[in-house]
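The lines below spell out each chain.
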Amino acid sequence: MYRWIQTAIIMLVVFILCNCTRPEEDFQVSVTFSSELSPKSIQWWLDPWDESEIRYKWSSQDVLLMTKQGKATKPIIQVKPENEYQDVLGFGSSLEDTTVHAILKNKSNEEAKDVLRSLIDPKSGLGLNLWRVTIGTSDFSDGRSVAPHPKGFYSYQDDMNSEFSIENDRELGILKVVKMAREVGRESGNELTIFASAWSPPAWMKTSNALIGGTLKEGYEDELARYLVKFIKAYEAEGIPIYALTVQNEPNFLPNNYPGMLLSMEQERDVAAALKDELVKNNLKTKIWINDHNYDTWGKARDILWSLDEMGQKKVVDGVAFHHYAGSVSNLSKLKEIFPAMNIHFSEGSKWGTKGADEIAILFRNYSSSYVAWVTMSTQELDEHNQGPYNVLGKFTPTYLIQKKGNSKEWIKTADYYLLGQFSRHVKPGAKRIYSSYGNLRTVTTVAFRNPDNTLVLIAVNQGREVQEFTIQCHDYQIAAAIPEKTVATYVWDSTIKKSGLEVMNPPFYETLQKGPVLASAIIEAEEFDKMKGVQIEGNGIGYFDGGDWIAYSKVNFGDGGYSAIRFYLAVDTSYAGKKIEIHLDGENGKLLGTHTVQSTGGWFNYSEQSSSINGTDLKGIHTLYIKGAGGDGIANIDYFLFE
């Protein structure tokens, strides 16, 4: 009897040891970096940088080890997996007509699929799973080859008495590319979710009797609902299921040069209710999202939901979609507080650089379940297949992928492609956002998730011009980390670890992560100065910039020279115009490169680009750059500048 008890105790001890002692590999944290390179610069269109010039591109770093909590480098980022928030539907972009043209241009089917793999494959590409298609034409389209409209705008039933048809989408290659995208998704194990938005119903349903302008004719809510259901059924017949549909793209804005339509609160509510009835009649599971417009329209979305609830139709709406062109992202949290069960989505808007990466983090911190960019790819010739108003330099910001000019099959990835991957490659559909302390803009900012496979993902953003060291603390362990300047880092580790079996360690010294020079030809954000006199940070730039004030930027790399101009993005009121900005090297009174006379932009927050020539003779290598005000008070508000 005694021997049996002894054996049982030994077996129990062995069992406990085997299940409590974990190999060191379990305590490892994987780390990847991606860095920005001149976000928003028109140079990506004119003469794109080679990808080799992007400092980090999903670059794997040495693994970090969890340690018991002890000495920590501030700031400290707390991660609390037990505090859960919204589910993640996914990350994505659009397959509108302009993107489709660029994907197909000069390529075989297999070559076009390679482009799609770079976007969809979760191992070799971005892993994007959430895609937006347009119902008819949008402001990024060119249907002149299939439609009589001078700019090629079309619906699926341009004439009231004609048959409903999606043949134009077939002729333009839209159906082909969406089907190919779904194939790539299946082949790579990343099943796609597709939602759709209409810019305008057919002209005969509208008060303007045109795709441009107007609103829905009185009593046409049921007609529009039937039209939208015909679209869903037609796409499903092509093997393209539509997960969700937004009632109307930007229903609170009336464009005068591309398809669009205004809808009142009551109209949008009634169309949504009619659409729900049609979906039920046709046994369709497509979800209905309302709003599909800016953060500042959240009150209208709230009123629609309240009104439907009062009408006993609470289940009509499945989600509220937002764009980012106006208003505060915090309005999403206000809506979530009123309707905690309502899904919130970001359906349109692209973010650039590390500043944009932080905005994506903030978006999820305000309860969005998704991030969907707008326009995935374009050709270098911006008006080649784009008849909307945003087909010129300065109005069209660089896309994730760019198709090279002429007959070339070549296409490039911009730095923002890699920055988006810091989120989309690691945060999986079905993940939950969990608590992490936000941090601050002067060090690092964060957002955190737990994936369905129980891995934890922390995305941290360093927008500054210096290496940032910090400490991640979770349960009773910590992780010493550092991020280079202008870089997004993603940390992934096992969430099932509650206690670290490793010893306390002092944070390591990251001597390899030293500040690198900034290219003179890249956008230099004005507020990211190293030294200054007199200025204040104003939103995304600097203000209160008066005569004698200056801002200085260390390690500006002019390379082998060849620069002849400086370009500012600034704003100034008409009554203050005419003052000067001096550009000096290596001291506030150092070598004068040139002087820019500030021209009126019509207001302190009405920004535009202005250029002046500089004396670039012998301007080479790395220097400290001084931007100095000359004249009286109120020189300008400056967002950014670069050399050309």
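A brief structural summary.

Calculation rules
- Residues numbered from 1 in each chain as written.
- Predicted model: local features only at pLDDT ≥ 70, side-chain atom pairs only at ≥ 80, totals over all residues.
- Heavy atoms only, no water.
- 1 Å grid on protein atoms, 1.4 Å probe; cavity = no way out; pocket = protein on both sides within 12 Å on 5 of 7 lines; lining within 4 Å.
- Points joined across faces, edges and corners; volume = space filled by probe spheres on them.
- Helix = DSSP H or I, 4+ residues; strand = E, 2+ residues; numbered from the N terminus.
- Nonpolar A, V, L, I, M, F, W, Y, C, P; charged D, E, K, R; others polar.
- Pairing = 2+ DSSP bridges.
- Axes fitted to C-alpha atoms, helices over the stretch in contact; angles between N-to-C directions.
- Salt bridge = Lys/Arg side-chain N within 4 Å of Asp/Glu carboxyl O.
- Buried < 20%, exposed > 50% of the residue type's maximum accessible area, 1.4 Å probe, protein only.
- Core = buried A, V, L, I, M, F, W, Y, C linked by side-chain atoms within 4.5 Å.
- Contact = heavy atoms within 4.5 Å.

**Overview of empty space enclosed by the protein**
If you walk through the whole model with that rule in mind, you get one cavity of 30 Å³ or more. Taken as a whole, the largest cavity spans an internal volume of roughly 60 Å³. Taken together, Lys351, Trp352, Gly353, Gly356, Ala357, Ile360, Tyr371, Tyr400, Asp416, Leu419, Leu420 and Phe423 make up the lining of the largest cavity. If you list the elements that add at least two residues to the lining of the largest cavity, you get helix H11 (353-365) and helix H12 (415-424). Residue classes in the lining of the largest cavity are distributed as eight nonpolar, two polar and two charged.

**Notes on the sheet that holds strand S12 (residues 343-348)**
Remark on secondary structure: sheet strands pair via backbone hydrogen bonds, oriented parallel or antiparallel. One open sheet accounts for eight strands, arranged S12-S11-S10-S9-S8-S7-S6-S13; its pairing is parallel. On the outer flanks of this sheet lie S12 and strand S13 (370-372), each paired with one strand and no other. Taking each pair of neighbouring strands and ignoring which way they run, the sheet shows an average axis angle of 30°. Looking at chain direction, strand S6 (residues 90-94) and S13 are connected through three bridges and run parallel. Paired with Gly90 across the two strands is Ser370, which belongs to S13.

**Considering the layout of surface pockets**
There is about 400 Å³ of room inside the second largest pocket. Around the second largest pocket, the lining comprises 20 residues; the ones closest to its centre are Glu36, Lys486, Pro517, Val518 and Leu519. Only strand S23 (518-519) and strand S24 (524-525) provide two or more residues apiece to the lining of the second largest pocket. Residue composition of the lining of the second largest pocket, grouped by class: eight nonpolar, three polar and nine charged.

**Quick look at unusual backbone geometry**
One can expect most non-glycine residues to show negative phi and most peptide bonds to be in trans. Lys74 connects to Pro75 through a cis peptide bond whose omega is 0°. Mapped onto the secondary structure, Pro75 falls in the loop between strand S4 (67-68) and strand S5 (76-87). Even without being a glycine, Tyr367 presents a positive backbone phi close to 80°. Counting through the fold element by element, Tyr367 comes out in the loop between H11 and S13. For Val375, which is not a glycine, the phi torsion comes out positive at approximately 70°.

**A few points about the pattern of salt bridges**
Across all of its chains, the model carries 29 salt bridges by this definition. Of the charged contacts in the structure, one is a salt bridge between Asp87 and Lys432, with a shortest N-O distance of 2.6 Å. Of the two residues, Asp87 sits in strand S5 while Lys432 sits in strand S17 (residues 432-436), which places them 345 residues apart along the sequence. With a relative accessible area of 42%, Asp87 lands in the partly exposed category.

**Section: the nonpolar core**
Counting residues in each nonpolar core, the largest one holds 119 residues, and the members touching the most others are Phe91, Ile135, Tyr156, Phe231, Tyr235, Ile290 and Tyr371. Ranked by residue count, the leading element in this core is helix H7 (residues 221-237), at nine residues. Filtering out sequence-adjacent residues up to four positions away, Ile290 remains in contact with Val247, Glu268, Ala272, Ala301, Ile304, Leu305, Val317, Gly319, Val320 and Ala321. Core analysis: the next-biggest nonpolar cluster, separate from the first, contains 31 residues, Ala520, Leu593, Ile638 and Phe643 among them.

**Here we look at the sheet that holds strand S16 (residues 411-413)**
Sheet architecture is open: three strands sit in the order S14-S15-S16, paired in mixed fashion. The sheet is open, and its two edges are formed by strand S14 (377-379) and S16, each paired on a single side. Within the sheet, the average angular offset between the axes of one strand and its neighbour, ignoring direction, is 20°. When S14 meets strand S15 (residues 401-403), the two strands line up parallel, connected through three bridges. When the bridges of S15 are listed, Ser378 appears paired with Ile402. The sheet strands contacting helix H3 (residues 97-104) are S14 and S15, and the helix crosses S14 at an angle near 65°.

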